[in-house]
Amino acid sequence: KVETPNDGKNKKAFMFREDEEESKVRDDLKPKLVYRGTDKEIDPNDIGLVKNAEDKRVMDEGYKNFAYNSLVSKRIGFHREINDTRHQHCLDKTFPENLPTASVIICFYNEDFYTLLRSVFSVIRRSPPDLIKEIILVNDHSDDKELIEKVENELETNLELSIVRFFTPEERLGLIRSRIFGARKALGDVLVFLDSHIEANVEWLQPLLTRIKESRTNVVTPVIDVINPDNFGYKPSPLVRGGFNWGMNFKWEGLTKRVERFDEPIPSPAMAGGLFAMDREYFTELGEYDPGLDIWGGENIEISFRIWMCGGRLDILPCSRVGHVFRKRRPYTSTDERGVDTQDRNALRVARVWLGDHIKHFYSAITGVETLSPGDLTERFELKEKLKCKDFSWYLNYVYPELEIPGMEERKGAKEKVEKLNKYERWDQRSRNYTRSFQIKYAPSSLCLEPIDGVGSKGSFVKLSSCLRSKKQSWYQTDR
Ligand code: UDP
Ligand code: MN
């Protein structure tokens, strides 16, 4: 046989060469795949990795329609493990026998299939079966018919989902009227309202039902843990409570009292709205929701006012945790046919019924809001009368004394304020040299910050440990 000379055919271009010497190539010279626009190296196990055009489409559509990454949601699928984010004091709790049963109500408008179903499955798998009467799923006329077919098909074929009752009202109702619709279908003792992009955590339900069993006028919410909309990472929420400003916008607030134990109810002037539990008959007695509120917004403040002022109470239960996808924008418009922002109009309805003379502060907070028409309020005023509700001044005094009343900043005593000013100075507004050092304390606890590697270590991580008058816990500002 004649040997054919090597004519170059077998020569591979450098980049495809199987180089035996490859292992000897210096690491820093190896090509590196990085995320676009960054120099962060791509992790091949990254759950959000876009591998082809279809992936890209799923991701882009998701951001457009749902304001989160549905590629990641799809890859996670129906179930996943999440961290048990409860404080250790919660772990050895026992719950009474014969807890009331729950009807879980989830309303949705245009949700990603996997996100929606994962919400439902998390409830089913992380609740004792005998405590779940039913899951009521209300499709608020989602635009995507394919989604609804997929959901219906899954409900029909998956036995684990037989606890779910699925409804589509005649017309788009908006969040508030959808919830009233769902509540009226419910048969359980307690209503548990949830958003459609949540994941219930371990033993989330029992603390809620226990507290309601103690008194039917106890309304409760879980701690709302944070699910990241870009990668669905699940993070614990710190202990905070709910408040609002004069524009009737909800906001989270730091706790006012030091928490002695991390497993006790935290009274909250307002609820965030998405997730809470309430005795079913009490919900009806107290006037459900105001059905005059459109699409989204204001109902959480309204029901919080009603609960507190009309004889109930509202607490956050730190041992009950449910994750919620916090999005950067709401992926649907909330203006009505007249082009009026429903959020402002809803706020006006709430303010008119509940704020009394304090409504002037609401009018100054949202310019022009008084020119909107709130619609007929007769029934809501009658309800307030019938339930013999207390007025807003009572609420301000007993429930939310921290809300600053414009023009009344001095109400806490001017003298005390002056003294305070002399004593403390904000650390970032340095007008004189600091000669003192301070502890940095996590307010609701008796824990202080200290460097893991000890005093004077540079670049050390920090940790929380019991506050001590020690050098490692002394912090002071330096020039850099
Ligand atoms: N929703 C609804 N109908 C609407 C608008 C919203 O059923 O017209 C649902 C939505 O799918 C979600 C819940 O109401 O499950 C709360 O809405 P969203 O999550 O947008 O509010 P956020 O959490 O941002 O306050
Ligand atoms: Mn939500």
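Everything numeric here is computed off the predicted structure, so don't read it as measured data.

Draft legend 1. Region of the structure containing the overall build of the chain. A tally of regular secondary structure across the chain gives 13 helices and 15 strands. Counted over contacts in the chain with a minimum sequence separation of 6, partners at least 24 positions apart contribute 75%. Approximately 27,700 Å² of the chain is accessible, and the part contributed by carbon and sulfur atoms is 50%.

Draft legend 2. A look at the state of the cysteines. Tallied over the entire structure, the rule returns three disulfides. Between cysteine 90 and cysteine 319 runs a disulfide, and the two sulfur atoms are separated by 2.1 Å. On the S-S bond that ties cysteine 90 to cysteine 319, the torsion sits near -80 degrees, and the link is left-handed. Of this pair, cysteine 90 sits in the loop between helix H2 (70–76) and strand E1 (102–108) while cysteine 319 sits in strand E12 (residues 313–325), and the two are 229 residues apart along the sequence. Exposure class is identical for cysteine 90 and cysteine 319. Each is buried.

Draft legend 3. Seen up close, the site of ligand 1. Not every one of the 15 residues close to ligand 1 is listed here, only the nearest: Asp140, Arg172, Ser196, Arg327 and Tyr332. A distance of 2.6 Å is found between an oxygen atom of ligand 1 and a side-chain nitrogen or oxygen belonging to arginine 172. For ligand 1, an oxygen atom lies 2.9 Å from a polar atom in the side chain of histidine 197. Look at ligand 1: alone it shows 530 Å² of surface, and the protein chains cover 89% of it. Only E1 and helix H5 (174–185) provide two or more residues apiece to the shell around ligand 1. Of the residues in the shell around ligand 1, the class split is six nonpolar, four polar and five charged.

Draft legend 4. Up close: the environment of aspartate 263. Within the element layout of this structure, aspartate 263 appears in the loop between strand E9 (250–253) and strand E10 (266–267). You can call aspartate 263 buried: its relative accessible area is 10%. Taking C-alpha positions, aspartate 263 is 7.3 Å from leucine 317, a pair spaced 54 residues apart along the chain. In contact with aspartate 263, other than residues within four places in its own chain, are His89, Cys90, Lys93, Pro318 and Cys319. A polar atom in the side chain of aspartate 263 sits 2.9 Å from the side chain of arginine 261.

Draft legend 5. Representation of helix H6 (residues 205–214). Taken across its ten residues, H6 has eight buried, putting it largely inside the fold. Listed in full, the buried residues belonging to H6 are Leu205, Gln206, Pro207, Leu208, Leu209, Thr210, Arg211 and Ile212. On its buried face, H6 is in contact with E1, strand E2 (132–139), strand E4 (190–194), strand E6 (218–227), strand E11 (276–279) and E12.

Draft legend 6. Inspection of the sheet that holds strand E15 (residues 462–466) at higher detail. Ordered by their spatial adjacency, three strands build an open sheet running E13-E14-E15, and the pairing between neighbours is antiparallel. Looking at which strands have only one partner, the edges of the open sheet turn out to be strand E13 (441–442) and E15. Relative to strand E14 (residues 447–451), E13 runs antiparallel, the two sharing two bridges. Note that in E14 the partner of tyrosine 442 across the bridge is leucine 447.

Draft legend 7. Representation of the pairing of strand E8 (residues 241–244). Taking every second residue as pointing to the same face, both faces of E8 are buried, with Arg241 and Gly243 on one and Gly242 and Phe244 on the other. Pairing geometry for E8 and E9, over four bridges, is antiparallel. Its bridge partner lying in E9, phenylalanine 244 is registered against phenylalanine 250. Counting the residues that bridge the hairpin from E8 to E9 gives five residues, and of these methionine 248 lies at a positive phi of roughly 65 degrees.

Draft legend 8. How the structure looks around the packing of helix H3 (residues 113–125) against helix H4 (residues 145–157). Look at H3 against H4: their axes get within 11 Å of each other, and the N-to-C directions meet at 35 degrees. Pair H3 / H4 crosses with right-handed handedness. Where H3 abuts H4, its residues Phe113, Leu116 and Leu117 lie against Leu147, Lys150, Val151 and Glu154. Here the residues of the contact of H3 with H4 are counted per class, giving five nonpolar, no polar and two charged.

Draft legend 9. Focus on unusual backbone geometry. In this structure, glutamate 288 is a non-glycine residue whose phi angle is positive, near 45 degrees. Along the polypeptide, glutamate 288 turns up in the loop between helix H7 (280–285) and helix H8 (299–309). Classification of glutamate 288 by relative accessible area gives buried; the value is 14%. The phi dihedral of isoleucine 295 falls on the positive side, at around 45 degrees, and the residue is not glycine. By the secondary structure assignment, isoleucine 295 is in the loop between H7 and H8.

Draft legend 10. Representation of a negative patch on the surface in the model. Together, Asp143, Asp144, Glu146, Glu149, Glu152 and Glu156 make up a region of like negative charge exposed at the surface. As for its placement among the helices and strands, glutamate 149 is situated in helix H4.

Draft legend 11. The arrangement of the pairing of E6 in detail. Counting buried residues along E6, nine of its ten residues qualify, which places the element largely inside the surrounding structure. Taken together, the ten bridges between E6 and E12 define a ladder with parallel strand orientation. Residue pairing in the sheet places asparagine 218 in a bridge with arginine 313 of E12. For E6 and strand E7 (residues 234–235), the ladder comprises two bridges, and the chain directions are antiparallel. Among the inter-strand pairings, valine 226 is bridged to a residue of E7, identified as lysine 235.

Draft legend 12. Examining the packing of aromatic side chains more closely. Taken as a whole, this structure holds 23 aromatic pairs when the rule is applied. Between tryptophan 246 and phenylalanine 392 the ring centres are 6.0 Å apart and the planes differ by 65 degrees, which places this aromatic pair in the edge-to-face class. A residue pair is termed long-range when its members are at least 10 positions apart, and tryptophan 246 in the loop between E8 and E9 and phenylalanine 392 in helix H12 (residues 392–398) qualify at 146 residues. As far as burial versus exposure is concerned, tryptophan 246 and phenylalanine 392 are alike and both buried. Among the aromatic side chains, those forming a connected cluster through ring pairs are Phe244, Trp246, Phe305, Phe392, Tyr395 and Tyr400.

Procedures and definitions
- Residues numbered from 1 in each chain as written.
- Chains lettered and ligands numbered in written order.
- Predicted model: local features only at pLDDT ≥ 70, side-chain atom pairs only at ≥ 80, totals over all residues.
- Heavy atoms only, no water.
- Helix = DSSP H or I, 4+ residues; strand = E, 2+ residues; numbered from the N terminus.
- Contact = heavy atoms within 4.5 Å.
- Areas by Shrake-Rupley, 256 points an atom, 1.4 Å probe, with all protein chains shown as cover.
- Disulfide = S-S within 2.5 Å.
- Buried < 20%, exposed > 50% of the residue type's maximum accessible area, 1.4 Å probe, protein only.
- Near = heavy atom within 4 Å.
- Polar contact = N/O pair within 3.5 Å; in protein donor to acceptor, adjacent residues only side chain to side chain.
- Nonpolar A, V, L, I, M, F, W, Y, C, P; charged D, E, K, R; others polar.
- Pairing = 2+ DSSP bridges.
- Axes fitted to C-alpha atoms, helices over the stretch in contact; angles between N-to-C directions.
- Left-handed = near helix turned anticlockwise from the far one by under 90°.
- Patch = residues over 30% accessible without salt bridge, like charges linked within 9 Å, V, L, I, M, F, W, Y side chains within 5 Å.
- Salt bridge = Lys/Arg side-chain N within 4 Å of Asp/Glu carboxyl O.
- Lys, Arg positive; Asp, Glu negative; His and termini not counted.
- Charge placed at Lys NZ, Arg CZ, Asp CG, Glu CD.
- Phe/Tyr/Trp six-rings, centres within 6.5 Å; stacked < 30°, edge-to-face > 60°.

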